[in-house]
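What follows is the residue order along each chain.
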Amino acid sequence: MSVQNAMPSLDVLQRSCPVCDNPPSRTRGIGIESPPWRIAACEGCGFVYLPETPAQERFVSEFAWEKSWEKTRDERARAQPILTALDRATRFRLTVAKRKAKDVLARVALPGDVIELGCGDGGQLAPPPRGLVPFGIDISAELAALAAERFADYGGTCLAADAISGLEQFEASRFTGALLHAYLEHEIEPVAVLKALRRVLKPGAPIVVKVPNHASWNRRVMGPRWCGYRLPDHVNYFTPASLESIAARAGLDAAFPPGWTLPTNDNMWALLRARA
Ligand SMILES: [Zn+2]
């Protein structure tokens, strides 16, 4: 009897720990999985990440972030109506550090060209604050086209590419600042991307980062039901310490200005700069 394989073959990438390079075999699951995906902690440094991920090109359509998020949210709401309601009811805590990413960037970057990685349709940067010319890179051709149209009104553009090949298309020391808003948690090569980004930034130019904070109190209270867990599209679960380690591997210093990173907030903000 022959068995028909109804499942398409999965293109699974194995990842070493981006903080300490431990191989994916040296991880232990943390009880959150949806085979073949699992969230695991590195046995070397404790970093929580996905040791196996879909090949990057599959994110473009099949695991498009926005679709995956809607699915996860709906599933979670069905499975955990009380916890979900409680989570929503306590959303007031988010307002503590609620701010527009582009205004944060405008406060720390000098006037000039700025770039956002994973800019989606360009909604974060357009219209840009005075003095900033928006550029972007997004892996989704559809979203990149929308962003390119938006950014063109202000003298910028957007490339449809993965971050590393997109950044290679810009000359060194081009930009006065960068925005990584809800981006690094999706990136399977965070150190390589930060190195490539560093090359195109002017000396001392800031990178504004916003990522979910795996060290937040809400994550500890909600456990596996924390809103930051998303399989398979959130592939890195940063804490302030591990974000600092990954930045250091790319030659960047991480700072957490007062109020930028609070344990009461599911997300944290950080400011990275090339080391002098
Ligand atoms: Zn590690």
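If you're wondering where the values come from, they're calculated on a predicted model, not measured in any experiment.

Participant: Mind showing me how you'd approach the coordination of the zinc ion here?
Facilitator: The expected angle between donors at a tetrahedral four-coordinate metal is 109.5 degrees. At an octahedral six-coordinate metal it is 90 or 180 degrees. The zinc ion binds to the protein through C17 (SG), C20 (SG), C42 (SG) and C45 (SG); the donor distances cover 2.3 Å. For the zinc ion, the 4 donor atoms in the first shell make angles of 98 to 117° at the metal, a pattern classed as tetrahedral. Positions of the donor residues of the zinc ion, expressed as sequence spacing, correspond to C-x2-C-x21-C-x2-C.

Participant: I would appreciate a short explanation of the packing of aromatic side chains in the present structure.
Facilitator: The geometry of an aromatic ring pair comes down to the distance between the two centres and the angle between the two planes. In the structure shown here, the tally under the stated rule is 8 aromatic pairs. Each ring, one from F47 and one from Y49, has its centre 6.0 Å from the other, and the planes form 20°; the classification is stacked. Accessibility expressed as a relative area gives 0% for Y49, which makes it buried. With a centroid separation of 6.1 Å and an interplanar angle of 90°, the aromatic rings of F135 and F170 are classed as edge-to-face.

Participant: Looking at this model, I keep getting lost on the side chain of E116. Mind explaining?
Facilitator: By the element assignment, E116 lies in strand 6 (residues 112–117). No salt bridge is formed by the buried E116. Its closest oppositely charged neighbour is R150, at 9.1 Å.

Participant: Quick question: what am I supposed to make of the pairing of strand 10 (residues 206–212) here?
Facilitator: Taken residue by residue, a regular strand's side chains alternate between the two faces of the sheet. In terms of residue burial, strand 10 counts as a mostly covered element, since 6 of its 7 residues are buried. Examined bridge by bridge, strand 9 (residues 177–181) and strand 10 share 4 bridges and lie parallel to one another. Within strand 10, the position partnered with L179 by the bridge is V208. Taken together, strand 9, helix 6 (residues 190–200) and strand 10 constitute a β-α-β crossover, and its handedness is right-handed.

Participant: Please clarify how the pairing of strand 2 (residues 27–34) should be interpreted in this entry.
Facilitator: Sheet topology places strand 2 next to strand 3 (residues 37–42); 6 bridges connect them, and they run antiparallel. Within strand 3, the position partnered with R28 by the bridge is A41.

Participant: Would you mind going over the nonpolar core with me for this structure?
Facilitator: One recurring pattern in soluble globular proteins is that nonpolar side chains are buried together. Core analysis: the largest hydrophobic core is formed by 40 residues, its most contacted members being I115, L117, L180, L197, I207, V209 and L272. Each residue touching L180, except ones within four places of it in the same chain, is listed here: L117, L194, L197, I207, V208, V209 and K210. Among the nonpolar cores identified, the runner-up in size contains 19 residues, and V104, A147, L179 and W260 belong to it.

What counts and what doesn't
- Residues numbered from 1 in each chain as written.
- Predicted model: local features only at pLDDT ≥ 70, side-chain atom pairs only at ≥ 80, totals over all residues.
- Heavy atoms only, no water.
- Donors = N, O, S within 2.8 Å, 3.2 Å for Na, K, Ca; no water.
- Tetrahedral: all angles 85-135°; square planar, octahedral: opposite > 155°, others 65-115°.
- Phe/Tyr/Trp six-rings, centres within 6.5 Å; stacked < 30°, edge-to-face > 60°.
- Buried < 20%, exposed > 50% of the residue type's maximum accessible area, 1.4 Å probe, protein only.
- Helix = DSSP H or I, 4+ residues; strand = E, 2+ residues; numbered from the N terminus.
- Lys, Arg positive; Asp, Glu negative; His and termini not counted.
- Salt bridge = Lys/Arg side-chain N within 4 Å of Asp/Glu carboxyl O.
- Pairing = 2+ DSSP bridges.
- Right-handed = clockwise from strand over helix to strand, strands pointing away.
- Core = buried A, V, L, I, M, F, W, Y, C linked by side-chain atoms within 4.5 Å.
- Contact = heavy atoms within 4.5 Å.

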